[in-house]
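Each chain, letter by letter, is given below.
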Amino acid sequence: MSTEIKHETWSSRWIFILAATGSAVGLGNIWRFPYVTGENGGGAFVLVYLLCVLLVGLPVMICEVMLGKHGRASPINAMKNLAIGAKLSEKWGMVGLLGIVAGFLILSFYSVIAGWSLAYTFYFVTGTMETMGPQSAEAFFNKLTESATSMLVWHSIFLVITCYMVGRGLKRGLEMAVKSLMPILFLMLFGLVCYSAVVGNFGDAIVYLFRPNFSALTGESILIALGQAFFSLSLGMGSLMIYGAYLPKQTPIIRTSAMIGIADTLVALSAGLAIFPIVFAYGLEAGQGPGLVFVTLTVAFGAMPFGQILGTLFFVLLSIAAWTSAISLLEPIVAWMLEGGRLTRVKATVIGGAGAWLLGVFSLLSFNIWGDITIFSKNFFEISEFLSTSIMLPLGGLLIVLFSGWRLKSDTALEWLGIEAKEWKLRAKVLILLVKVVAPLGVAAVLVNSSGLDRIGLKIFSLIF
Ligand code: TRP
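First things first, this report covers the structure right here in the doc.

Conventions we followed
Residues numbered from 1 in each chain as written. Predicted model: local features only at pLDDT ≥ 70, side-chain atom pairs only at ≥ 80, totals over all residues. Heavy atoms only, no water. Helix = DSSP H or I, 4+ residues; strand = E, 2+ residues; numbered from the N terminus. Rg over C-alpha atoms; globule rule 2.2 N^0.38 Å. Buried < 20%, exposed > 50% of the residue type's maximum accessible area, 1.4 Å probe, protein only. 1 Å grid on protein atoms, 1.4 Å probe; cavity = no way out; pocket = protein on both sides within 12 Å on 5 of 7 lines; lining within 4 Å. Points joined across faces, edges and corners; volume = space filled by probe spheres on them. Nonpolar A, V, L, I, M, F, W, Y, C, P; charged D, E, K, R; others polar. Expected span 1.5 Å × (residues − 1). Core = buried A, V, L, I, M, F, W, Y, C linked by side-chain atoms within 4.5 Å. Contact = heavy atoms within 4.5 Å. Salt bridge = Lys/Arg side-chain N within 4 Å of Asp/Glu carboxyl O.

Moving on, we come to the overall build of the protein chain. Each helix and strand in the protein chain was counted, giving 19 helices and 0 strands. Taken over C-alpha atoms, the radius of gyration comes to 22 Å for the protein chain, in line with the 23 Å a tight globule of 465 residues would show. Along the first, second and third principal axes, the C-alpha atoms of the protein chain reach 65 × 60 × 45 Å. Of all 465 residues assigned to the protein chain, the portion counted as buried reaches 57%.

Printed below as a string of structure tokens:
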């Protein structure tokens with residue numbers, strides 16, 4: 001059978017934690033979290049985000065890793081096999097298919113943004129960035145995004161190095177990168193927070209991030225917070241499912257997931273604490289969108305002693321964090337093609353990479369020449385980002401918890417999670433409640449509300465009755 005190809009296994013549980021954290025921590029935390037927080041008004045959004053991580057994200061993560069570990073295949077085939085094993089419809093494989101589509105879309109624009117990070121590394125190394133004020137930093141960023149050619153070059157370089165690593169197979173290289181480099185990134189981020197606390201307007205940043213102002217919260221921003229939780233934790237498209245498939249047998253999934261979730265959240269909050277004090281101190285626009293981090297950090301490093309060296313180091317590390325995440329976006333797609341039995345890993349990687357590259361070109365053009373081409377006032381980049389992150393990932397996550405909570409027998413699921421019937425009584429109950437009720441209802445409510453389906457439903461209801 002085609003799905004019987006044997007995938008490799010992580011050398012230890014520890015490597016899985018590093019790889020999964022490497023997948024989770026990336027542009028989502030450092031680029032996306034601050035900018036969507038800024039666009040959605042701060043405090044209340046952060047609070048909703050944290051609730052989404054805790055009540056929806058963690059249960060989905062636990063289920064996704066569990067399904068991967070027991071399905072031992074790419075998301076499409078893992079879901080199919082598990083469904084067949086539980087005498088359910090093969091159609092559950094569609095969850096994996098949805099993930100593959102989402103993965104392509106995300107990887108395509110992810111690579112464009114990671115390209116910016118590479119470009120900034122280059123600018124810092126070459127010293128183009130010395131002491132820039134807010135205006136010149138903004139102008140500089142705009143110059144990059146207005147040049148389709150530069151973006152194309154950096155986007156291509158980033159995808160090539162991503163494909164290189166995926167093509168070699170995960171263990172060589174990825175394990176090494178996450179083991180030594182992730183800790184340095186964490187340290188640097190911590191250093192940046194301290195710097196911002198001293199130099200920036202830390203008080204305003206704290207108020208902005210942690211004092212909820214619910215009037216700024218809309219239905220759409222709740223959907224965005226939910227999507228951001230999925231995006232940041234790498235959930236809903238199969239990244240963690242395929243990483244789970246490479247797990248050795250004895251791995252405590254729950255504790256491991258909690259560690260990944262905590263690390264990811266701390267990094268996102270630190271990024272916010274590093275960025276917003278500078279934003280307020282220099283009067284930058286918090287809601288300026290995708291350029292926020294790049295503009296803010298250019299100003300910060302420009303004003304800092306040894307800014308050029310530190311700036312270089314930071315963007316190198318950010319690029320590496322993006323790289324370890326992008327690898328996990330491509331891996332499920334490649335694993336699935338491999339299971340078809342006809343392609344080598346290298347060929348599968350090239351095909352997957354080329355697809356994402358092409359979509360990425362559309363994205364990068366929407367920052368310049370195609371900027372005016374919009375549907376529902378969103379350009380191609382914004383549509384890919386919204387559709388994949390705010391719709392497909394939550395939908396994938398919803399199906400994952402529904403499958404784990406309602407289609408699998410509770411005993412089976414608990415056994416797969418390594419929970420004995422007698423021990424862990426309370427924790428098992430809480431988990432079951434979260435997986436069966438809280439997470440699915442939460443996701444469904446948010447999806448229905450912000451798509452306007454509830455209003456349409458109400459209208460139809462009132463027309464009939
Ligand atoms: N979580 C990564 C980040 O924060 C991006 C990412 C990797 C991702 N794999 C994913 C997002 C799977 C959604 C789904 O940068």
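Moving on, there is more to tell.
Of the pockets and cavities examined, the largest pocket occupies roughly 440 Å³. Taken together, 26 residues line the largest pocket, and the ones lying closest to its centre are Tyr35, Glu39, Pro290, Glu382 and Glu385. Counting only elements with at least two residues in the lining of the largest pocket, the list comes to α2 (27-39), α6 (134-146), α10 (219-232) and α16 (380-407). Among the residues making up the lining of the largest pocket, the classes are represented as 11 nonpolar, 8 polar and 7 charged.

Right, let's get into helix α7 (residues 148-168). In this model, α7 (21 residues) spans 30 Å end to end at C-alpha, consistent with the 30 Å of a helix rising 1.5 Å per residue. When we look at burial in α7, the residues that qualify are Met151, Trp154, His155, Ser156, Phe158, Leu159, Thr162, Cys163, Met165, Val166 and Gly167. The positive-phi residue at the C-terminal boundary of α7 is Gly169, with phi of around 95 degrees.

Ranked by size, the top nonpolar core spans 164 residues in total, and within it Trp10, Tyr120 and Phe314 carry the most contacts. Top contributing element to this core by residue count: helix α5 (residues 93-125), with 18 residues. Ignoring any residue separated from it by four or fewer positions in sequence, one finds Trp10 in contact with Ile15, Phe16, Ala19, Leu170, Lys171, Leu174, Glu175, Tyr243, Tyr246, Leu247 and Pro248.

The next thing to look at is the pattern of salt bridges. A complete count under the given rule lists 3 salt bridges for this structure. Of the charged contacts, one joins Glu331 and Arg345 as a salt bridge, the two residues approaching to 2.9 Å between their closest N and O atoms. A residue pair is termed long-range when its members are at least 10 positions apart, and Glu331 in helix α14 (residues 307-339) and Arg345 in helix α15 (residues 345-365) qualify at 14 residues. We classify Arg345 as buried; its relative accessible area is 16%.

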